Amino acid sequence: MKKQIISFHIISIFPESMRPYADSSILKRAQEKKLIHINFINPRDFTDDAHNSVDDSPYGGGPGMVMKVEPIYKAVQKIGSRIKDQGLKKRIILFSTRGKLFTQKEAKRLVKYDHLILICGRYEGVDERVAKYIADEEISIGDYVLSGGELPAMVVVEAVSRHIPGVLGKYESLEDVKGSYPVYTRPEVFQPNKRKSWKAPKILLSGDHKKIEGWRKTHND
Ligand code: SAH
């Protein structure tokens, strides 16, 4: 069986905000094992004016600035030109508050691609022509407004990577269901002070696997 590898290409004007996270823990290991590649592309490198401007004021007025279409277009072109095997599956995603809600099901759907190009917006958002002509889809990670697409990018990279065989070690398990069951570890009784005593459920210490399984099922929300 062919080893599954996903290349994430993250288009952002703040790559430094994501590098420490991408280079820690599970994502770090996944990169070392060459199960994923995380590649940052800065639209600022694709500007041709003296100020390297990636944003401009909105047509029609209103507050804030809007990310320009051209540097993003050029960044996407550059990524495309680097992908040698054109038979590989790629998907271009724009992070947007108006996008489709990202769920575990969506993460599983995206694991099927070889290249995921993630476009991070900033300021008041991104010129709508990016959504209309460049991106294949728009994703929102939740019903709240963040300052940029960088946290959403890390959320998607991690949630998708967890579905690649070999990314999770034996100490982390793929929890498919939201909520899962409550877990406890030593000590059996924790006493934050003399009056309080916080206990782990006895049944989990019983060694009776059938009962434990039953308890976990009933405590799964
Ligand atoms: N004015 C916009 C907010 C822009 S926030 C509005 O009210 O909808 C700037 C950028 O952050 C967005 O372009 C998007 O790329 C990103 N962003 C903010 N919140 C997000 C969320 N919940 N999910 C995905 N991306 C988000």
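Reading the values: rules and limits
Every chain is numbered independently, its residues counted from 1 as its sequence is written. Two thresholds apply to this predicted model, a pLDDT of at least 70 for residue-level local features and 80 or more for giving and counting side-chain atom pairs, whereas whole-chain, interface and lining totals are computed over all residues. Working from all heavy atoms in the structure, the side-chain values ignore hydrogens and water. To be near a molecule or strand, a residue needs just one of its heavy atoms within 4 Å of it. Whenever two N or O atoms come within 3.5 Å, that pair is a polar contact, provided that in protein one can donate a hydrogen and the other can accept it, and provided that, for residues adjacent in sequence, both atoms are side-chain atoms. A 1.4 Å probe and the Shrake-Rupley method give the accessible areas. Residues count as covered only by the protein chains that appear here. Helix and strand definitions here come from DSSP, where helices need a minimum of 4 consecutive H or I residues and strands a minimum of 2 consecutive E residues; each element is numbered from the N-terminal end. Three residue categories are used. Nonpolar comprises Ala, Val, Leu, Ile, Met, Phe, Trp, Tyr, Cys and Pro, charged comprises Asp, Glu, Lys and Arg, and polar comprises the others, including Gly. Remark: nonpolar core denotes a set of buried residues (Ala, Val, Leu, Ile, Met, Phe, Trp, Tyr, Cys) joined through side-chain atoms within 4.5 Å. A 1.4 Å probe rolled over the protein chains alone gives each residue an accessible area, and that area as a share of the maximum for its type sets the label: buried under 20%, exposed over 50%, partly exposed in between. By the convention used here, residues are in contact when the closest approach between their heavy atoms is within 4.5 Å. In this document the domain limits rely on a domain assignment from an automatic tool or a database. The arc in question is the one spanned by the directions pointing from the helix axis to the C-beta atoms. A pair of strands is labelled paired if DSSP reports no fewer than 2 bridges between them. Axis definition: a line fit to C-alpha positions, over the contact stretch in the case of helices; interaxial angles, taken between N-to-C directions, run 0 to 180 degrees.

## Concerning the site of the ligand
Here comes step 1: Lining the immediate environment of the ligand, one finds 19 residues, of which Phe 95, Thr 97, Ile 141, Tyr 144 and Leu 146 sit closest.
Here comes step 2: One of the backbone nitrogen or oxygen atoms of Gly 142 is found 3.1 Å away from a nitrogen atom of the ligand.
Here comes step 3: One of the backbone N or O atoms of Tyr 144 is found 2.9 Å from a nitrogen atom in the ligand.
Here comes step 4: Within the complex, the protein chains bury 85% of what would otherwise be the 560 Å² of accessible surface of the ligand.
Here comes step 5: At the level of elements, β5 (90-101) and β7 (137-140) are the ones that each hand at least two residues to the shell around the ligand.
Here comes step 6: The element best represented in the shell around the ligand is β5, accounting for three residues.
Here comes step 7: For the shell around the ligand, the per-class residue count stands at eight nonpolar, nine polar and two charged.

## Focus: the nonpolar core
Here comes step 1: Membership of the largest hydrophobic core comes to 33 residues, with the highest contact counts inside it found for Phe 8, Ile 10, Phe 102, Leu 110, Leu 116, Leu 118 and Val 160.
Here comes step 2: Looking at this core, the elements that each hand over two or more residues are β1 (6-11), α2 (25-32), β2 (36-41), β5, α4 (104-110), β6 (115-119) and α6 (150-161).
Here comes step 3: Broken down by element, this core gets its largest block of residues, six residues, from α6.
Here comes step 4: Among all residues touching Leu 116, those that are not within four sequence positions of it are Ile 6, Ser 7, Phe 8, His 9, Arg 91, Ile 93, Leu 110 and Val 160.
Here comes step 5: Formed by 20 residues, the second largest nonpolar core is a distinct cluster that contains Ile 11, Ile 83, Val 126 and Ala 135.

## Here's the deal with the domain arrangement of the protein
Here comes step 1: When the domains of the protein are assigned, the result is domain 1 (6-161) and domain 2 (179-218).
Here comes step 2: Relative placement of domain 1 and domain 2: their C-alpha centres are 42 Å apart.

## Some points on α2
Each α-helix winds once per 3.6 residues, and so residues spaced three or four apart point in a common direction.
Here comes step 1: Restricting attention to buried positions, one finds in α2 the residues Ile 26, Leu 27 and Ala 30. Angularly, the buried residues of α2 cover 95 degrees about the axis, an arc narrow enough to put them on a single face. Of the exposed residues in α2, the ones pointing more than 90 degrees away from its buried face are Ser 25 and Glu 32.
Here comes step 2: Of the surrounding secondary structure, the elements contacted by the buried residues of α2 are α1 (19-22), β2 and α6.
Here comes step 3: Two residues or fewer past α2, Lys 34 is found with a positive phi of approximately 60 degrees.

## Here we look at the sheet that holds β5
Here comes step 1: If you trace the five strands from one edge of the open sheet to the other, you get β2-β1-β6-β5-β7, paired in parallel fashion. At either margin of the open sheet sits one strand with a lone partner, and together these are β2 and β7. Along the sheet, successive strands turn relative to each other by an average axial angle of 30 degrees, direction set aside.
Here comes step 2: Here five bridges tie β5 to β7, and the two strands are oriented parallel to one another. Opposite Leu 101, over in β7, you have Ser 140 as the bridge partner.
Here comes step 3: On top of the sheet, α6 reaches β1, β2, β5 and β6; it is set at about 175 degrees to β1, its chief contact.

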